[in-house]
Amino acid sequence: MRRLRQRNNVTALNVVLLLYLIGCFAPSLVSSITVNTPAELHASKGDTVTLSCTFTSTSRPTSKMTVDWSYRPQSGGPPQTFFHFSSRAFPPPEGQFAGRIQWKGIPARGEASISLINATLNDNGTYTCSVRNPPDVHGSPTSHTVLTVTPKSPSIRFSDVAVLLAFILLPSAIITLILIGRMLCPKKQRSQSNAYRSPIEVTEGEEYGINPPGAKEKRTSCCDLYLMDSEDEDEYYNPKKKPPMDEGYAESQC
């Protein structure tokens, strides 16, 4: 009897140990699903934001796989599920995200991402991606992303730059050219006035028929010789016969 009781006790103890080991190691065999999302995302108002979500699972995704996206406002409060996927996408029909969610996931590649169209400042908050792929339902099936949407900074368009160039730089360039022209034109006019001499002006010594020093003597052309009188020709060819002229006096040729 004692031996029988001892055997029963050993058998019961083995069963308890076996159940304990199964309870400890069996979940680890199916709890290999892991979901990953970026910790933070930043976007500007009006942008299209991709809420990335990837997962790894020991089991191949089947029609039983589900994906849920929930949102918790920045001001606080309970999370609200706004997107569900099970064989096909179920975008939100109403509410804050109605018409602004697109399914971008590919379950066969371990992707469960969505896109948020036309982000607003009210979209700031925490987004949670949850993936279930039976039998892998344990481990880390959820992951969180904090989205921060800021006002879009004003950008300078090409038309604005063209207006600035037309109304600021162009008048400045014209004024600069006018000033440069005024600085150069007076000098040019003075040089022209110095070079130009009126037909009635005479230099010193010309009114008396005396060439000033340094002046070149004008050569007589054939036409001038042809129009000369005989007496003038004799004087031209025989300068010795020309009567001496008194200093300071010359017969007017007018």
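Once a new chain begins, its residue numbering starts again from 1 and follows that chain's sequence as written. For this predicted model, a pLDDT threshold of at least 70 governs which residues receive local features, and a threshold of 80 or more governs which side-chain atom pairs are given and counted, while totals over whole chains, interfaces and linings are taken from all residues. With hydrogens and water stripped out, all remaining heavy atoms of the structure feed into the side-chain values.

Model confidence for the chain is summarised by a mean pLDDT of 75, while 58% of its residues fall at 70 or above. Across residues 205-209 the pLDDT falls below 50, and counting only partners more than four positions away or on other chains, this stretch makes 6 contacts in the model. Every residue gets a pLDDT, meaning the predictor's confidence in that residue, from 0 to 100. Contacts are residue-level and defined by heavy atoms, with any inter-residue pair within 4.5 Å sufficient. Contacts for the low-pLDDT stretch residues 247-254, under 50 throughout, to residues beyond four places or in other chains number 4 contacts.

With that out of the way, let us pick up the pairing of strand S6 (residues 80-86). Sheet faces and side chains relate simply in a regular strand, where the side chains alternate between the two faces. Two elements, strand S5 (residues 66-73) and S6, share 5 bridges in a ladder whose sense is antiparallel. Along S6, the bridge assignment pairs Asp68 with His84. Hairpin connection from S5 to S6: 6 residues lie between these consecutive antiparallel strands, with Gly76 at a positive phi of about 110°. Relative to strand S7 (residues 88-90), S6 runs antiparallel, the two being bridged by 3 bridges. What sits directly across from Ser86, in S7, is Arg88. Hairpin remark: S6 followed by S7, antiparallel, with 1 residue in the connecting loop; positive phi at Ser87, about 70°. DSSP bridges decide pairing: two strands pair if at least two such bridges lie between them. Going along the chain from the N terminus, every DSSP run of H or I of four or more residues is numbered as a helix, and every run of E of two or more is numbered as a strand.

Let us now look at the packing of aromatic side chains. Here is the rule: rings of Phe, Tyr and Trp (six-membered ring for Trp) pair when centre to centre is within 6.5 Å. Planes less than 30 degrees apart are stacked, more than 60 are edge-to-face, and the remainder are tilted. Applying the stated criterion across every chain yields a total of 7 aromatic pairs. Aromatic side chains Tyr71 and Tyr127 sit 4.9 Å apart centroid to centroid with 40° between the ring planes, which places their arrangement in the tilted category. One end of the pair, Tyr71, is in strand S5; the other, Tyr127, is in strand S10 (residues 125-132), and 56 residues separate them in sequence. Comparing Tyr71 with Tyr127 shows no difference in burial state: the two are buried. Pairing Phe83 with Trp103 gives two aromatic rings, centres 5.6 Å apart and planes at 15°, and the pair type is stacked. Here Phe83 is found in strand S6, whereas its partner Trp103 is found in strand S8 (residues 101-103), with 20 residues between them in sequence. For the exposure calls, accessible area comes from a 1.4 Å probe over protein chains only, and a residue counts as buried if that area is under 20% of its type's maximum, exposed if over 50%, partly exposed in between. Classification of Phe83 as buried rests on a relative accessible area of 1%.

With that settled, the discussion passes to the state of the cysteines. Cysteine sulfur atoms that come within 2.5 Å of each other are treated as a disulfide pair. On inspection of all chains with the given rule, the structure shows 1 disulfide. Disulfide pairing places Cys53 opposite Cys129 at an S-S distance of 2.1 Å. Looking along the S-S bond of the Cys53-Cys129 disulfide, the torsion reads about -75°, which is the left-handed sense. Remark: Cys129 occurs in strand S10 and Cys53 occurs in the loop between strand S3 (49-51) and strand S4 (54-56); sequence separation between them is 76 residues. For the pair Cys53 and Cys129, one class covers both residues: buried.

Side-chain alternation along strand S1 (residues 33-36) places Ile33 and Val35 on a buried face and Thr34 and Asn36 on a face that remains uncovered. Relative to strand S11 (residues 139-140), S1 is paired through 2 bridges, and the arrangement is parallel. Within S11, the residue paired with Thr34 across the bridge is Ser140.

Looking now at the environment of Arg72. Note that Arg72 resides in strand S5. Along the chain, Arg72 and Tyr127 lie 55 residues apart, while their C-alpha atoms are 6.5 Å from each other. Ignoring anything within four residues of it in the chain, the contact list for Arg72 reads Gly77, Pro79, Gly125 and Thr126.

On to the pattern of salt bridges. For side chains of opposite charge, pairing can occur when their charged atoms come near one another. One speaks of a salt bridge when a side-chain nitrogen belonging to Lys or Arg is within 4 Å of a carboxyl oxygen belonging to Asp or Glu. Tallying each qualifying case throughout the model produces 2 salt bridges. Here Lys152 and Asp47 are joined by a salt bridge, their closest N and O atoms 3.7 Å apart. With Lys152 in the loop between strand S12 (142-150) and helix H2 (158-195) and Asp47 in the loop between strand S2 (40-44) and S3, the pair connects residues that are 105 residues apart, well separated along the chain. The exposure class assigned to Asp47 is partly exposed, which follows from its relative accessible area of 26%. Linking Asp123 and Arg100 is a salt bridge whose minimum nitrogen-to-oxygen distance equals 2.9 Å. Placement of Asp123 in the loop between strand S9 (114-116) and S10 and of Arg100 in the loop between S7 and S8 is noted, with a sequence separation of 23 residues between them. Among the residues examined, Asp123 registers a relative accessible area of 0% and is labelled buried.

On to the sheet that holds S8, then. The pairing of strands in a sheet happens through backbone hydrogen bonds and is either parallel or antiparallel. Pairing in this open sheet of 3 strands is antiparallel, and the strands run S3-S9-S8 from one edge to the other. Whereas interior strands pair on both sides, the edge strands pair on one side only; in this sheet they are S3 and S8. The mean angle between the axes of side-by-side strands here comes to 25°, regardless of whether they run parallel or antiparallel. Axes here mean lines fitted to C-alpha atoms, for a helix over just the part in contact, with angles spanning 0 to 180 degrees between N-to-C directions.

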